[in-house]
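# Secondary and tertiary structure notes
Take a look at the letters that make up each chain.
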2 protein chains.
Amino acid sequence: MEVDEPVRLPRLPRVAVCGGTHGNELSGVYLVRELLKDLREKDAEDGGPLSVLVVLSNPRATQQCRRYIDVDLNRCFSHATLNGPVPDASPYEIILSRKLNALLGPKGGQGAVDLVCDLHNTTANMGLCFIAYSDSDWICLHIFKHLQMPDMPMRFIHYDVSKKESYSLDSVGKHGFALEIGPQPHGVVRSTNYTAMKVGVQHVLDWVRHFNSGSVFEGGFVDVFTMVKKIDYPRDSQTHNITAAVHPHLQDRDFCLLRPEDPLFQTFSGEALTYKGSEPLYPFFINECAYYEKGVALSLARKRRVAVPPIRAQTEEDKQASFASEEEE
Amino acid sequence: MEVDEPVRLPRLPRVAVCGGTHGNELSGVYLVRELLKDLREKDAEDGGPLSVLVVLSNPRATQQCRRYIDVDLNRCFSHATLNGPVPDASPYEIILSRKLNALLGPKGGQGAVDLVCDLHNTTANMGLCFIAYSDSDWICLHIFKHLQMPDMPMRFIHYDVSKKESYSLDSVGKHGFALEIGPQPHGVVRSTNYTAMKVGVQHVLDWVRHFNSGSVFEGGFVDVFTMVKKIDYPRDSQTHNITAAVHPHLQDRDFCLLRPEDPLFQTFSGEALTYKGSEPLYPFFINECAYYEKGVALSLARKRRVAVPPIRAQTEEDKQASFASEEEE
């Protein structure tokens, strides 16, 4: 019988936990504040092998309980935006994204933190979601496997975007993901969501500590939802106002298969509009508040099962062997 | 057997339906837009005995999908605010409240519209609520009785505030009430809430038409929830940030009796805090988004049953008799 040898991956000594990237998504805002308090209290006792950087990403938007001040911070971390010109009158978040890239990055560079976990909320009924740009980052997929909790549905969403084009704060780390929880109105904190996110972050940090200490993690399978398209609301051609809401049969049914001719919208005059796609797909971010302005009523994903190999952290010997083999090449 | 003679009340020829008083409460925003479209289409055919004025109250806040621009419009209609000085640099909503008072009022004057129905949303799990300043306005209580719908809990909330001190837009009419529906995140429209509000407004207008045409409405009883106090979140004494969320056992349990020592909050470090009041009361507006800044985590009400007499509209004969009796006095 052949047993898979674990894939050996670099340790993750520096992790960042970020909240308030959107200033009105309060689970992350209050969790980060609590973690900062904990860290201050633990400063003296803890000098362990894991450095955790806790960041309130957009303090001004958080102060005003708004998603952003000028532009959406979580769209400012593409290679092009981080390296474009910065005129004097730049939007607040453009300046801020450079500062965060200096703190947590530089994106794509050796000095970047090893893992960024960025905390978000959605008004959609999505439970706890793990959102990443890669379906073959074994660190992210193993953390996701470790995060399964009873009573809390948990899915892996994959945006198939290159590292260079990836635009969100979590893309600044060597590995990164967003932890998204809903439903929760923006500007509101619901205790069960807060607690689930707190437990989730504890599990992430526990996993990283085990990984760094040399534990071997068994392989397995993960269901991955890869985003394939977005659907906008029907709109008035002149005013651009929406003319329909998400249909009651679709509302709150994130990750339930949407089939051709299923109801999609209900117009404000009462007419049902159906899904005209040819392929059954999985809807998510259904009726997310912040996406009205982005022209997205829901996103649609294809689901597939990804095989994840066993992994463990590289030892000093592995590293030396790796150096040696590189020198031989 | 004694049969109560119906109370005779003036007809209600002019009704206003208002939405977007808070620009991010979208049921009313989209319903008012739909009604305005309907009205344009019906203009030619309809010259009936009921004039319905449809108003998008805060167009600028609606445009920006914010509750308000400078100050909360729905707190600007007290006698003092409407009659105070208006300096050049007045907040947008102070100016706006004068314009709305000119359009729908003047508040307390004979020229005011007969009934104002103002449409609102809440993030709290309150179903459909009828909010008024009086528990003895038979018009409002009869409309409320008429509004009961299957599958949609419906309650009457009473703020015991004098006409002069009453501060909301609906206080400008001779009669007035807010129609509040939730749960719904601000900035989101949910189809079932939209439809319930649409049906509710249709029932209000149907009732007024029947009343004006001389129908007699039987008396009965209404459960009235009178607000008695508000409770703020626990807060950090230095930063004023909240330090706890509504307890999971209380969240979404609007109008379920809260007893002394029942859980009230859960701190962000995980501790449960209980209700220290001495009297069991009914909570509502639990965890309403817009009330964080107002220092209100929930409101508490006493419930009691109010007897409502039968009513009908005054006829011309009633009016003449009334004039005659006034002259005799």
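No experiment lies behind these values; they were computed from the predicted model shown.

## Comments concerning the overall build of chain A
- Broken down by element type, chain A carries seven helices and 14 strands.
- In terms of overall size, chain A behaves like a compact globule, its C-alpha atoms giving a radius of gyration of 21 Å where 329 residues would be expected to give roughly 20 Å.
- Based on the C-alpha atoms only, the size of chain A along its principal axes is roughly 70 × 60 × 40 Å.
- In chain A, which comprises 329 residues, the share counted as buried stands at 54%.
- Within chain A, counting contacts between residues at least 6 apart in sequence, those at least 24 apart form 75% of the total.

## Section: the interface of chain A and chain B
- With 30 residues of chain A in contact, the opposing surface of chain B contributes 30 residues.
- Carbon and sulfur atoms make up 56% of the surface buried where chain A meets chain B, a total of about 2400 Å² over both sides.
- The interface formed by chain A and chain B holds two salt bridges in total.
- In this structure, the salt-bridge partner of arginine 190 of chain A is aspartate 252 of chain B, at a minimum N-O distance of 2.6 Å.
- Here chain A and chain B share 10 residue pairs in polar contact (both at pLDDT 80 or more) between them.
- Sorting the residues of the side of chain A that touches chain B by element identifies helix H1 (26-42), helix H6 (191-212) and strand S9 (244-246) of chain A as the ones contributing at least two each.
- Ranked by the residues each element gives to the side of chain A that touches chain B, the list is headed by H6 of chain A, at five residues.

## Let's talk about the pattern of salt bridges
- By the definition in use, this model includes 30 salt bridges over all chains.
- One connected set of salt bridges, linked through shared partners, spans Glu5, Arg8, Arg312 and Asp318 of chain A.

## Points about helix H4 (residues 92-104) of chain B
Residue and element names in this part refer to chain B.
- End to end, H4 covers 18 Å across 13 residues, agreeing with the expected 18 Å (1.5 Å per residue, within 8%).
- When we look at burial in H4, the residues that qualify are Tyr92, Glu93, Ile94, Leu96, Ser97, Leu100, Asn101 and Leu104.
- Contacts made by the buried residues of H4 are with strand S2 (14-19), strand S3 (51-56), helix H2 (59-63) and helix H3 (79-83).

## Points about the relation of the copies chain A and chain B
- Of the two same-sequence chains, chain A is brought onto chain B (RMSD 0.0 Å, axial shift 0.0 Å) by a rotation of 180°. In symmetry terms, the pair is related by a two-fold rotation axis. Across chain A, the rotation axis passes nearest the C-alpha of proline 185 of chain A, at a separation of 2.3 Å.
- Of the interface residues in chain A, 100% have counterparts in chain B that sit at the interface too, so the contact is made through matching surfaces.

## Thoughts on the sheet that holds strand S15 (residues 311-313) of chain B
All names here are of chain B.
- If you walk across this open sheet you meet the three strands as S1-S15-S8, and the pairing is mixed. The open sheet has two edge strands with one neighbour each: strand S1 (7-9) and strand S8 (216-217).
- Bridge count between S1 and S15: three bridges; the pairing is parallel. Bridged to leucine 9 within S15 is alanine 313.
- The strands touched by helix H6 (residues 191-212) are S1, S8 and S15; relative to S15, the strand with the most contacts, the crossing angle is about 75°.

## With respect to the packing of helix H5 (residues 138-146) of chain B against H6 of chain B
Residue and element names in this part refer to chain B.
- In the contact formed by H5 and H6, the axes pass within 9 Å of each other and the chain directions differ by 125°. When the axis of H5 is compared with that of H6, the two are oblique. Where H5 crosses over H6, the two elements pack in a sense that is right-handed. Residues Ile139, His142, Ile143 and His146 of H5 form the contact with H6, whose own contacting residues are His203, Val204, Trp207 and Phe211.
- Taken together, the residues of the contact of H5 with H6 sort by class into five nonpolar, three polar and no charged.

## Here we look at the environment of isoleucine 143 of chain A
- Its location among the elements puts isoleucine 143 of chain A in helix H5 (residues 138-146).
- Dropping the residues within four chain positions of it, isoleucine 143 of chain A is found in contact with Leu115, Phe130, Phe177, Val204 and Trp207 of chain A.

## Description of the sheet that holds strand S4 (residues 115-121) of chain B
All names here are of chain B.
- Taken in spatial order, the nine strands line up as S3-S2-S4-S7-S5-S6-S9-S14-S13 in an open sheet, and their pairing is mixed. With one partner strand each, in any of the chains shown, S3 and strand S13 (282-284) form the two edges of the open sheet. Direction aside, neighbouring strands of the sheet carry axes that sit 30° apart on average.

## Digging into H5 of chain B
- For H5 of chain B, the complete set of buried residues consists of Ile139, Cys140, Leu141, His142, Ile143 and Phe144 of chain B.
- The N-cap residue of H5 of chain B is aspartate 137 of chain B: its side-chain oxygen and the backbone nitrogen of isoleucine 139 of chain B are 3.1 Å apart.

## Brief notes about the packing of aromatic side chains
- As enumerated under the stated definition, the model contains 36 aromatic pairs over all chains in all.
- Ring centres 4.7 Å apart and planes at 50° place the aromatic pair tyrosine 194 of chain A and phenylalanine 268 of chain B in the tilted group. With tyrosine 194 of chain A in helix H6 and phenylalanine 268 of chain B in the loop between strand S11 (263-267) and strand S12 (272-274), this residue pair bridges two chains. Here tyrosine 194 of chain A matches phenylalanine 268 of chain B in class, with each residue buried.
- Ring geometry for phenylalanine 130 of chain B and phenylalanine 156 of chain B: centres 5.3 Å apart, planes at 20°, overall stacked. Of the two residues, phenylalanine 130 of chain B is situated in strand S5 (residues 127-132) and phenylalanine 156 of chain B in strand S6 (residues 154-158); the sequence distance between them amounts to 26 residues.
- Note on phenylalanine 156 of chain B: relative accessible area 0%, which makes it buried.

## Structural notes on the pairing of strand S10 (residues 263-267) of chain A
Residues and elements named next belong to chain A.
- For S10, a buried count of four out of five residues is recorded, marking the element as mostly surrounded by other parts of the structure.
- Note: S9 against S10, three bridges, orientation antiparallel. By the bridge assignment, alanine 245 is partnered in S10 with glutamine 266.
- Sheet topology note: the S10/strand S11 (residues 272-274) ladder contains three bridges and is antiparallel. When the bridges of S11 are listed, glutamine 266 appears paired with alanine 272.

## Some words on the confidence of the model for chain A
- Per-residue confidence for chain A gives a mean pLDDT of 93; residues scoring 70 or more make up 94%.
- Across the interfaces of the predicted complex, the ipTM metric reaches 0.93, alongside a pTM of 0.94.

## Details of unusual backbone geometry
- The residue after glycine 182 of chain A, namely proline 183 of chain A, is reached through a cis peptide bond having omega 10°.
- Within the secondary structure layout, proline 183 of chain A lies in the loop between strand S7 (175-182) and H6.
- Positive phi, close to 70°, is recorded for phenylalanine 255 of chain B, a residue that is not glycine.
- The topology assignment puts phenylalanine 255 of chain B in the loop between strand S10 (244-246) and S11.

## Quick notes on the environment of histidine 22 of chain A
Residues and elements named next belong to chain A.
- Along the chain, histidine 22 turns up in the loop between strand S2 (14-19) and H1.
- As for histidine 22 and phenylalanine 177, which are separated by 155 residues in sequence, their C-alpha atoms are 15 Å apart.
- With sequence-adjacent residues up to four places away left out, histidine 22 is seen in contact with Arg66, Arg67, Asp72, Asn74 and His120.
- At 2.7 Å, the side chain of histidine 22 forms a polar contact with the side chain of aspartate 72.

## A look at the side chain of asparagine 193 of chain A
Residues and elements named next belong to chain A.
- Tracing the sequence through the fold places asparagine 193 in helix H6.
- Owing to a relative accessible area of 6%, asparagine 193 belongs among the buried residues under this scheme.
- For asparagine 193, the side chain forms a polar contact with the main-chain oxygen of proline 183, separated by 3.2 Å.

Each value, and the rule that gives it
- Residues numbered from 1 in each chain as written.
- Chains lettered and ligands numbered in written order.
- Predicted model: local features only at pLDDT ≥ 70, side-chain atom pairs only at ≥ 80, totals over all residues.
- Heavy atoms only, no water.
- Helix = DSSP H or I, 4+ residues; strand = E, 2+ residues; numbered from the N terminus.
- Rg over C-alpha atoms; globule rule 2.2 N^0.38 Å.
- Buried < 20%, exposed > 50% of the residue type's maximum accessible area, 1.4 Å probe, protein only.
- Contact = heavy atoms within 4.5 Å.
- Buried area = accessible area lost by both parts, 1.4 Å probe.
- Salt bridge = Lys/Arg side-chain N within 4 Å of Asp/Glu carboxyl O.
- Polar contact = N/O pair within 3.5 Å; in protein donor to acceptor, adjacent residues only side chain to side chain.
- Expected span 1.5 Å × (residues − 1).
- Least-squares fit on C-alpha atoms with pLDDT ≥ 70 in both.
- Pairing = 2+ DSSP bridges.
- Axes fitted to C-alpha atoms, helices over the stretch in contact; angles between N-to-C directions.
- Parallel < 35°, antiparallel > 145°, perpendicular 65-115°, else oblique.
- Left-handed = near helix turned anticlockwise from the far one by under 90°.
- Nonpolar A, V, L, I, M, F, W, Y, C, P; charged D, E, K, R; others polar.
- Phe/Tyr/Trp six-rings, centres within 6.5 Å; stacked < 30°, edge-to-face > 60°.
- pLDDT = per-residue confidence, 0-100.

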